[in-house]
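# Descriptive analysis of the structure
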2 protein chains.
Amino acid sequence: MTRVTATYEIESPAGIARGAEAIAGEQSTGTFGNVPLETDALRARHGARIEELTVTGTSDRPALPCRTTGDSYERGVARISWPIENFGTQLPTLLATVAGNLFELADLSAVRLTDLDLPKVFAATNPGPQFGARGTKQAIGGHDGPLIGTIIKPCVGLTPEATAELVREMAEAGIDFIKDDELQANGPHNPLAARVAAVQRVLNDHEDKTGRRVIYAYNITDEIDQMWRNLDLLAEHGAFCPMVCVNAVGLSGLRAVRERSPFMIHGHRAGWGLYSRSPDIGISFQVWQKLWRLAGADHLHVNGLASKFTEEDRIVASSARSVQAPVFTDGGPEYVAMPVYSSAQTIWQIAPAQAVLGNDDFIYCAGGGIQGHPDGPGAGVTALRQAADAARDGIPVDRYADTHRALRVAMETYKRPILGEIPLD
Amino acid sequence: MTRVTATYEIESPAGIARGAEAIAGEQSTGTFGNVPLETDALRARHGARIEELTVTGTSDRPALPCRTTGDSYERGVARISWPIENFGTQLPTLLATVAGNLFELADLSAVRLTDLDLPKVFAATNPGPQFGARGTKQAIGGHDGPLIGTIIKPCVGLTPEATAELVREMAEAGIDFIKDDELQANGPHNPLAARVAAVQRVLNDHEDKTGRRVIYAYNITDEIDQMWRNLDLLAEHGAFCPMVCVNAVGLSGLRAVRERSPFMIHGHRAGWGLYSRSPDIGISFQVWQKLWRLAGADHLHVNGLASKFTEEDRIVASSARSVQAPVFTDGGPEYVAMPVYSSAQTIWQIAPAQAVLGNDDFIYCAGGGIQGHPDGPGAGVTALRQAADAARDGIPVDRYADTHRALRVAMETYKRPILGEIPLD
């Protein structure tokens, strides 16, 4: 029977074998009382199964507050599988199963869902990305190299007209991609309808004059019905990229947008730290990105290398790689999405960002890294492209800068950040 | 200007004042670079404001892994406010603001969102519960005392027919409320359509024969379009209570159900421990329950006192009270929901469950606590009602049992659990 396998890092005062049993029981047929209908046949068909247990250590105190106590707390990795017969291929109940009430179990003093192996049968009811990197680049008439992008700043407070003026400046600087901040959706001071009209007027004009198409990701995050109206609004003005804060609208919200969207979907993971920050509780990006891709995200944020956030560079690298990896364990469509690097990015991180992936199918967003260039934002964008070209051709950025002025000035302007260790995949 | 105020428990290597500034900046107008458009006027109008800071302690090590390090880590409470001008009254962007990228800030070594003060202007676009406790009780023709409920077990694996047989037994036992397990939605072995048909046939017959109406909460959790079709399915068969796993479909998913639902919505919080378990990162129930009520949940799970889960009884009590408290800080509709106690509940916890609230407007779900009664499930339900009656009349359960046989047998059968301390509110 086709099964789904989830990997957990757990800790238990009763030992990880007992901790894993608690998950398997609670999240499938198990009950804590005496239930005559829980027959052996039913358990065999619907029970979750412990596939693998690996002890990694013990501690003399629990990682998280825990009703059950013990002399020591064993830590390790548990792989547990479920028959898809239990939930079919719908993602919400899959989520309520592999990431459901298990986080509260008294037999666990730590529990993180770290991976999820899904079979290709999930493709039958989950559409996946409509565009991916190839479709995204085709939508702007083809493109070499990574997409160089930026984010409207300040995050909130600009009028639609002021936003459009910034967009004009950035389009003239040669940018490929611009996005709303996640804080800027449809507030009264900058209504989405007015912003789409003002910004798209600038970008449509720009395309008419130069033949260059710029992607603007409009933050359409809202209730479902309103997001659908927002898609219509984008279409009316010739816009073609909605942005959705996936944690704010939920997995079903993202999927609802995918159902009605003729456009590439820019997936923003605002609130991400809640899932990732603690080593003792949470859900890894490896898991979420699969679900978001199945639900239809074309672009997914992964933070930046040496960003302002606390996530380690090895995690950022692993996240970026994960969205380009096949989504299923047994073949089927790959549902590859496009990673988006963002936050405190300058010319210094573009070569490692590219090296992590081994390709140019990513979006690289910079703010100060473009606007802070002494020769203006046009030179800022050019410098980033030059850094990407150098990386693609395997030329050290310092040497390439000898013959490329914008890059040289950028190197003199921006401080070289110290990157964390990034293991080879 | 109308503002929203969020309360955080934070820890920072740079002191909580700096930690709070990082949140206020990152989540409103702040940028980490040089942005000419971030004027003083814009900051005054759209900036988040630190309203209050309270230091509660220091530690020599960070609670969570943190890129920024310090000699000590100051801990405390920060109250931060935002003008609603930034996001209007839509909940998804409110969530992306008060629970957005702040969890990842390198200046914070712990951050929990513990409360959210919302003004009544949010009522304009957020419908709130359609039924609440009063509407729920009216829907079954009026009811005295708490609703006595149960959950179909085993959680998964039964056929629709076997489910209906259990339902018949429980209806004959006099139960008020039955629910699907959160793991049982629309899996191939027990499709929702077949289950609704089989179960509702039993309950409609029961009503015709006895005049008693039993609420069955069908787990309609799924993608948005399917949840809407599921509502139609319920209507066709005379069912009148959908259950939604709110974390599985997201806030917008819940709201989408509310938009189309003529029925009371049973809100299940499977996955809850992810938000609540760590003292160092998360979002409290105080916050989530307000958002879920605004989005339209009529019933909300709060665990049970002395349950099988690790949550402390004082938290369970505070959660139960919170869903009956007014949702806004400045009047307006109260949007009161109905708390649902569940998990390892027997006759012993019903008096404290009632005392916590000071009323009978709750659902009390028991499994083994009903089925394990030596005189059968009918006596099990009766015993729970007797315990509730005793509590309402201020009579000690032991004394009441002298004259009420079902209760006495239950007292002899179920072990008295040890309750945690529950502070008076």
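Given the structure is predicted, the values throughout are model-derived calculations rather than measurements.

### Description of the interface of chain B and chain A
Taken together, the 93 residues of chain B in the interface contact 93 residues of chain A. Roughly 7400 Å² of surface becomes buried between chain B and chain A when both sides are summed, with 58% attributable to carbon and sulfur atoms. Where chain B meets chain A, there are eight salt bridges. Its salt-bridge partner being Arg 67 of chain A, residue Asp 313 of chain B comes within 3.6 Å of it at the nearest N-O pair. Elements with a contribution of two residues or more to the side of chain B that touches chain A: helix 2 (40–46), helix 3 (91–98), helix 7 (224–237), helix 8 (246–260), helix 9 (273–276) and strand 10 (281–283) of chain B. Ranked by the residues each element gives to the side of chain B that touches chain A, the list is headed by helix 8 of chain B, at 11 residues. Grouping the constituent residues of the side of chain B that touches chain A by class yields 42 nonpolar, 32 polar and 19 charged.

### Examining the relation of the copies chain B and chain A
Rotating chain B by 180° about the axis while translating it 0.0 Å along that axis superimposes it on chain A, leaving an RMSD of 0.0 Å. As the rotation angle and translation indicate, the two copies are arranged about a two-fold axis. No C-alpha of chain B lies nearer the rotation axis than that of Gly 250 of chain B, which sits 2.0 Å from it. A symmetric contact is evident, with 100% of the interface residues of chain B recurring at the interface of chain A.

### Here we look at the domain arrangement of chain A
All names here are of chain A. By domain assignment, chain A separates into domain 1 (3–117) and domain 2 (132–413). The gap between the C-alpha centroids of domain 1 and domain 2 is 36 Å. At the junction of the two partners, domain 1 supplies 17 residues and domain 2 supplies 19 residues. Across the domain 1/domain 2 interface, buried area totals approximately 1500 Å², and carbon plus sulfur atoms make up 65% of it. For the pair domain 1 and domain 2, the number of links is two salt bridges. Here Arg 75 makes a salt bridge to Asp 280, at a shortest N to O gap of 3.0 Å. Our count for the domain 1 to domain 2 interface comes out at 11 residue pairs in polar contact (both at pLDDT 80 or more). Elements supplying a minimum of two residues to the side of domain 1 that touches domain 2: helix 3 (91–98) and strand 4 (110–117).

### Details of the packing of aromatic side chains
Tallied over the full model, the rule gives 22 aromatic pairs over all chains. Ring geometry for Tyr 216 of chain B and Tyr 218 of chain B: centres 4.3 Å apart, planes at 35°, overall tilted. When the ring of Phe 285 of chain B is compared with that of Trp 292 of chain B, the centres are 6.1 Å apart and the planes differ by 65°; the resulting orientation is edge-to-face. Accessibility classification places Phe 285 of chain B together with Trp 292 of chain B in one group, the buried group. An aromatic cluster is present here, built from Trp 272, Tyr 275, Phe 285, Trp 288 and Trp 292 of chain A together with Trp 272, Tyr 275, Phe 285, Trp 288 and Trp 292 of chain B joined pairwise through their rings. It is Arg 213 of chain A that lies over the ring of Phe 240 of chain A; its NZ or CZ is 4.0 Å from the centre. Here the guanidinium or amino end of Arg 269 of chain A rests over the ring plane of Phe 285 of chain A, the centre of that ring lying 4.9 Å away.

### Looking at the pattern of salt bridges
Residue and element names in this part refer to chain B. Following the criterion strictly, the structure yields 58 salt bridges over all chains and no others. Two residues, Asp 40 and Arg 43, come together in a salt bridge whose shortest N-O distance is 2.9 Å. Here Asp 40 pairs with Arg 43, and both are found in helix 2, just three residues apart, close to one helical turn. The exposure class of Asp 40 is exposed, given its relative accessible area of 61%.

### Examining the UniProt feature "domain: Ribulose bisphosphate carboxylase large subunit C-terminal" (unreviewed entry) in chain A
Sites flagged by UniProt as "domain: Ribulose bisphosphate carboxylase large subunit C-terminal" (unreviewed entry) map to residues 137–414 of chain A. Regarding residues 137–414 of chain A, the helix share stands at 47% and the strand share at 12%, and the terminal C-alpha atoms are separated by 29 Å.

### Some details on the sheet that holds strand 12 (residues 338–341) of chain B
Remark on secondary structure: sheet strands pair via backbone hydrogen bonds, oriented parallel or antiparallel. Residues and elements named next belong to chain B. Ordered in space as 5-6-7-8-9-11-12-13, the eight strands form a closed barrel in which the pairing is parallel. Between one strand axis and the next, the sheet turns by 25° as a mean value, whatever way the strands run. Judged from the three bridges that link them, strand 11 (residues 299–301) and strand 12 form a sheet pairing that is parallel. Within the sheet, the bridge partner assigned to His 299 lies in strand 12 and is Met 338.

### Concerning the environment of Asp 389 of chain A
Mapped onto the elements, Asp 389 of chain A comes out in helix 14 (residues 377–392). Distance from Asp 389 of chain A to Gly 145 of chain A, taken between C-alpha atoms, is 7.3 Å for residues 244 residues apart in sequence.

### Details of the confidence of the model for chain A
Of the residues in chain A, 99% reach a pLDDT of 70 or more, and the chain-wide mean stands at 96. The complex model carries a pTM of 0.97, and its ipTM stands at 0.96.

### Some remarks on the sheet that holds strand 10 of chain B
Residues and elements named next belong to chain B. One open sheet accounts for five strands, arranged 2-3-1-4-10; its pairing is mixed. Each of the sheet's edge strands pairs with one partner strand only, and the pair in question is strand 2 (49–59) and strand 10. Neighbour to neighbour, the strand axes of the sheet diverge by 15° on average, direction disregarded. Contacts from helix 10 (residues 285–295) reach strand 4 (110–117) and strand 10, with the element oriented near 45° to strand 4.

### Remarks on the packing of helix 10 (residues 285–295) of chain A against helix 11 (residues 313–322) of chain A
Residues and elements named next belong to chain A. Where helix 10 meets helix 11, the closest approach of the two axes is 10 Å, and the angle between their N-to-C directions is 25°. By the angle class used here, helix 10 and helix 11 are roughly parallel. Our pair here, helix 10 against helix 11, has a crossing hand that is right-handed. Residues Phe 285, Gln 286, Gln 289 and Arg 293 of helix 10 pack against Ser 318, Ser 319 and Ser 322 of helix 11. Here the residues of the contact of helix 10 with helix 11 sort into one nonpolar, five polar and one charged.

### Re the side chain of Gln 184 of chain B
Residue and element names in this part refer to chain B. Tracing the sequence through the fold places Gln 184 in the loop between strand 6 (177–179) and helix 6 (192–210). Note on Gln 184: relative accessible area 4%, which makes it buried. In this structure the side chain of Gln 184 is engaged in a polar contact, spanning 3.2 Å, whose partner is the side chain of His 189. Polar side-chain contacts of Gln 184 include one of 3.5 Å to the backbone oxygen of Asn 190. With sequence-adjacent residues up to four places away left out, Gln 184 is seen in contact with Cys 155, Val 156, Gly 157, His 189, Asn 190, Arg 195 and Asn 219.

Thresholds applied
- Residues numbered from 1 in each chain as written.
- Chains lettered and ligands numbered in written order.
- Predicted model: local features only at pLDDT ≥ 70, side-chain atom pairs only at ≥ 80, totals over all residues.
- Heavy atoms only, no water.
- Contact = heavy atoms within 4.5 Å.
- Buried area = accessible area lost by both parts, 1.4 Å probe.
- Salt bridge = Lys/Arg side-chain N within 4 Å of Asp/Glu carboxyl O.
- Helix = DSSP H or I, 4+ residues; strand = E, 2+ residues; numbered from the N terminus.
- Nonpolar A, V, L, I, M, F, W, Y, C, P; charged D, E, K, R; others polar.
- Least-squares fit on C-alpha atoms with pLDDT ≥ 70 in both.
- Domains from an automatic or database assignment.
- Polar contact = N/O pair within 3.5 Å; in protein donor to acceptor, adjacent residues only side chain to side chain.
- Phe/Tyr/Trp six-rings, centres within 6.5 Å; stacked < 30°, edge-to-face > 60°.
- Buried < 20%, exposed > 50% of the residue type's maximum accessible area, 1.4 Å probe, protein only.
- Lys NZ or Arg CZ within 6 Å of the ring centre and 35° of its normal.
- UniProt positions renumbered as here; feature names shortened; annotations may be inferred.
- Pairing = 2+ DSSP bridges.
- Axes fitted to C-alpha atoms, helices over the stretch in contact; angles between N-to-C directions.
- pLDDT = per-residue confidence, 0-100.
- Parallel < 35°, antiparallel > 145°, perpendicular 65-115°, else oblique.
- Left-handed = near helix turned anticlockwise from the far one by under 90°.

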